[in-house]
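Residues per chain are reported as follows:
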Amino acid sequence: MKIPFSNLNKIIILEEIKNIFNKFNYKIIFDSSIKTELESYNKEQENFNEFSSKAKKIRNNDFSDSGELEADFREFKNVLEK
């Protein structure tokens with residue numbers, strides 16, 4: 001099956017197709033280029049979610065459980081001060 005889409009909406013359409021197929025327990029076999037695109041998109045989503053979580057902790061001044069977060073924040077401040 002071929003479904004046309006543009007570069008602007010390709011990931012959204014692929015995710016919708018994947019969700020529909022999963023809903024009906026159909027197995028999807030993507031070609032390698034689509035797999036690569038989806039893996040890249042998923043990695044970006046993970047990175048964004050991690051960034052959002054850290055930003056929320058920084059906003060709430062919650063550095064209690066993460067020395068790494070504190071170091072990241074200091075590094076970020078140093079970049080802004082330059």
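As the structure is a computational prediction, the values presented were derived from the model and not from experiment. (Residues numbered from 1 in each chain as written. Predicted model: local features only at pLDDT ≥ 70, side-chain atom pairs only at ≥ 80, totals over all residues. Heavy atoms only, no water.)

A. Inspection of the pattern of salt bridges at higher detail. Within this structure, the stated rule accounts for five salt bridges. With a shortest N-O distance of 3.4 Å, glutamate 50 and lysine 54 are connected by a salt bridge. Here lysine 54 and glutamate 50 lie together in helix α2 (residues 32–59), a separation of four residues that amounts to about one turn. With a closest N to O distance of 3.4 Å, arginine 74 and glutamate 70 form a salt bridge. Of this pair, arginine 74 and glutamate 70 are both found in helix α3 (residues 67–81), four residues apart, which corresponds to roughly one turn of the helix. Look at arginine 74 and you get partly exposed, because its relative accessible area is 45%. (Salt bridge = Lys/Arg side-chain N within 4 Å of Asp/Glu carboxyl O. Helix = DSSP H or I, 4+ residues; strand = E, 2+ residues; numbered from the N terminus. Buried < 20%, exposed > 50% of the residue type's maximum accessible area, 1.4 Å probe, protein only.)

B. Molecular detail of the packing of α2 against α3. One can describe the packing of α2 onto α3 by two numbers: an axis separation of 11 Å at closest approach and a directional angle of 85°. By the criterion of interaxial angle, the relationship of α2 to α3 is roughly perpendicular. Contacts from Lys54, Lys57 and Ile58 of α2 reach α3 at Glu68, Leu69, Asp72 and Phe73. Considering only residue class, the contact of α2 with α3 consists of three nonpolar, no polar and four charged. (Axes fitted to C-alpha atoms, helices over the stretch in contact; angles between N-to-C directions. Parallel < 35°, antiparallel > 145°, perpendicular 65-115°, else oblique. Contact = heavy atoms within 4.5 Å. Nonpolar A, V, L, I, M, F, W, Y, C, P; charged D, E, K, R; others polar.)

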